[in-house]
Amino acid sequence: MVLSISGLGSQLALNLIDRTKDRQMETLRSEAQHKRAAEQFRERIGSITTPEEFVKDFEVYSFVMRAFDMEDQIFGKGMIRKVLESDPSDDTSLVNRLTQSSFGELHNAMGFTTENGPQVPDFTDPEWQDAIVDQYFETQFRNEHNDLNSTVGTVLELRTKVEDIDTWYDVLKDKEISEFFRKALFLPDQMATLDVDMQVKIFEKKFDLTKLSDPREVESLVTRFIAISDIQNPPQANFNSTAVNLLNSSLSGQFVPITLDISAISGFSPSLYR
C-alpha cells in the first residue's frame, strides 16, 4: 500500500511522491502478496521455453502481464500466445497489427520469436529477471497512485516512457500519453477523433519533440498538464488522508507520530487494431 495522496492538489501530491518514493517502494516490495508473487516468478520462469508453457503457468504469466500493465488482458491467453509467436519482421503479423504499444514491449521482452525465427530464451539470467521484477513494482507503484489521482498517475507514466518517444506516432499509440500532450499543449479533446496523420501535423506545429531531451521542457509540460487537469477535475478533499493529516498537524504545531518527513512537500511549485 502506497502513501495516500487523497485530498492533495496534484502538484503537491507529485512532490510528496518524489520525496518519499524510495520508502514507499520498500514498503510495497515487502507486502506479502507482492513479495510472494516475485518469488514465484523467479523460481519458475527459468523452466519455461515456449509461449504455450508461459501462458499455462498462471502465476508466472500473470506476474509478467502485470509488469507490463496488461492486467486487463490476462484472460486473453490465446491472443497473448499468438502475439508472442508472431514474426516481428512481418508487417501483417499480429504483434505488428496491434496498436497498443504494450503488446510489442511484451513480445520484445520475452523474446520467443525474433527476425531469425522461434527462439528459446534464457530466462535464468538474473539481470533479465531483475528487470521484470523492477518493472512489476514500478507498475504497481504507478497504478496505486493512479487510483488515488489519475493526473498524477499520467505524469508518472509519462516519466517512464518519455525517453522512448521519437515521433508523434509513438505518442498516439498510448491513450494516456496522447491526452497528456493535448492538455499540456492546450489542444481540444475532440482532436482525438481526427485522422492520425492529421493529429501528427497539428502536434508538429505545436511542439518540437526533440525538446523532450531537456528535463526543463518536460517539467514545463508537466506543470501545464497538472494545472489544466486540476482545474477540469479538482482533486476530491479527503480529510482522513495521511498526507492531509500531516499537513494539518504541521500547520497547528501538533506532534505527528510518523517517520515521514513533512519537508518532503516543501519544494512544490504552484480500437485495438490499425
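For the structure, check the block above.
First, a word on what this report is: a plain description of the structure on this page. In this text the structure is predicted, and so the values were computed from the model without any measurement. (Residues numbered from 1 in each chain as written. Predicted model: local features only at pLDDT ≥ 70, side-chain atom pairs only at ≥ 80, totals over all residues. Heavy atoms only, no water.)

Some remarks on unusual backbone geometry
Then, number 1: One non-glycine residue, aspartate 69, lies in the positive phi region at around 55 degrees.
Then, number 2: With respect to the helices, strands and loops of the structure, aspartate 69 is situated in the loop between helix H4 (58–67) and helix H5 (77–85).
Then, number 3: One non-glycine residue, phenylalanine 186, lies in the positive phi region at around 60 degrees.
Then, number 4: Looking at the element boundaries, phenylalanine 186 is found in the loop between helix H11 (175–184) and helix H12 (196–206).
Then, number 5: Residue phenylalanine 186 is classed as exposed on the basis of its relative accessible area of 55%. (Helix = DSSP H or I, 4+ residues; strand = E, 2+ residues; numbered from the N terminus. Buried < 20%, exposed > 50% of the residue type's maximum accessible area, 1.4 Å probe, protein only.)

Examining the environment of methionine 70
Then, number 1: Topologically, methionine 70 is positioned in the loop between H4 and H5.
Then, number 2: Taking the relative accessible area as the measure of exposure, methionine 70 reaches 0% and is therefore buried.
Then, number 3: For the pair formed by methionine 70 and phenylalanine 103, sequence separation is 33 residues and the distance between their alpha carbons is 8.5 Å.

Points about the packing of helix H1 (residues 10–30) against helix H8 (residues 126–148)
Then, number 1: For the pair H1 and H8, interaxial distance at closest approach is 11 Å and the crossing angle is 120 degrees. For the element pair H1 and H8, the recorded crossing hand is right-handed. Residues Ile17, Lys21, Gln24, Met25, Leu28 and Arg29 of H1 form the contact with H8, whose participating residues are Val133, Asp134, Phe137, Glu138, Gln140, Phe141, Glu144 and His145.
Then, number 2: Split into classes, the residues belonging to the contact of H1 with H8 amount to six nonpolar, three polar and five charged. (Axes fitted to C-alpha atoms, helices over the stretch in contact; angles between N-to-C directions. Left-handed = near helix turned anticlockwise from the far one by under 90°. Contact = heavy atoms within 4.5 Å. Nonpolar A, V, L, I, M, F, W, Y, C, P; charged D, E, K, R; others polar.)

Focus on helix H13 (residues 215–232)
Every α-helix carries 3.6 residues per turn, so stepping three or four residues along brings you back to the same face.
Then, number 1: Taking 1.5 Å of rise per residue, the 18 residues of H13 would be expected to cover 26 Å, and the 26 Å separating its terminal C-alpha atoms lies within 8% of that figure.
Then, number 2: Those residues of H13 hidden inside the fold are in contact with H1, helix H9 (150–161) and H11.
Then, number 3: N-capping of H13 is provided by aspartate 214, with a side-chain oxygen placed 2.9 Å from the backbone N of arginine 216. (Expected span 1.5 Å × (residues − 1). Polar contact = N/O pair within 3.5 Å; in protein donor to acceptor, adjacent residues only side chain to side chain.)

A look at a negative patch on the surface
Then, number 1: A grouping of Asp87, Asp90, Asp91 and Glu115 is seen on the molecular surface, where their side chains present a negatively charged patch.
Then, number 2: Examined against the element boundaries, aspartate 90 turns out to sit in the loop between H5 and helix H6 (94–97). (Patch = residues over 30% accessible without salt bridge, like charges linked within 9 Å, V, L, I, M, F, W, Y side chains within 5 Å. Areas by Shrake-Rupley, 256 points an atom, 1.4 Å probe, with all protein chains shown as cover. Salt bridge = Lys/Arg side-chain N within 4 Å of Asp/Glu carboxyl O. Lys, Arg positive; Asp, Glu negative; His and termini not counted. Charge placed at Lys NZ, Arg CZ, Asp CG, Glu CD.)

Quick word on helix H2 (residues 32–44)
Then, number 1: If you check H2, its first and last C-alpha atoms are 18 Å apart, about what 13 residues at 1.5 Å a residue would give, namely 18 Å.
Then, number 2: Looking at H2, one finds that the buried residues are His34, Ala37, Ala38, Gln40 and Phe41. Take H2 and look down its axis: the buried residues cluster within an arc of 160 degrees, on one side only. Exposed positions of H2 whose direction lies more than 90 degrees from the buried face are Ala32 and Glu43. (Arc of directions from axis to C-beta.)

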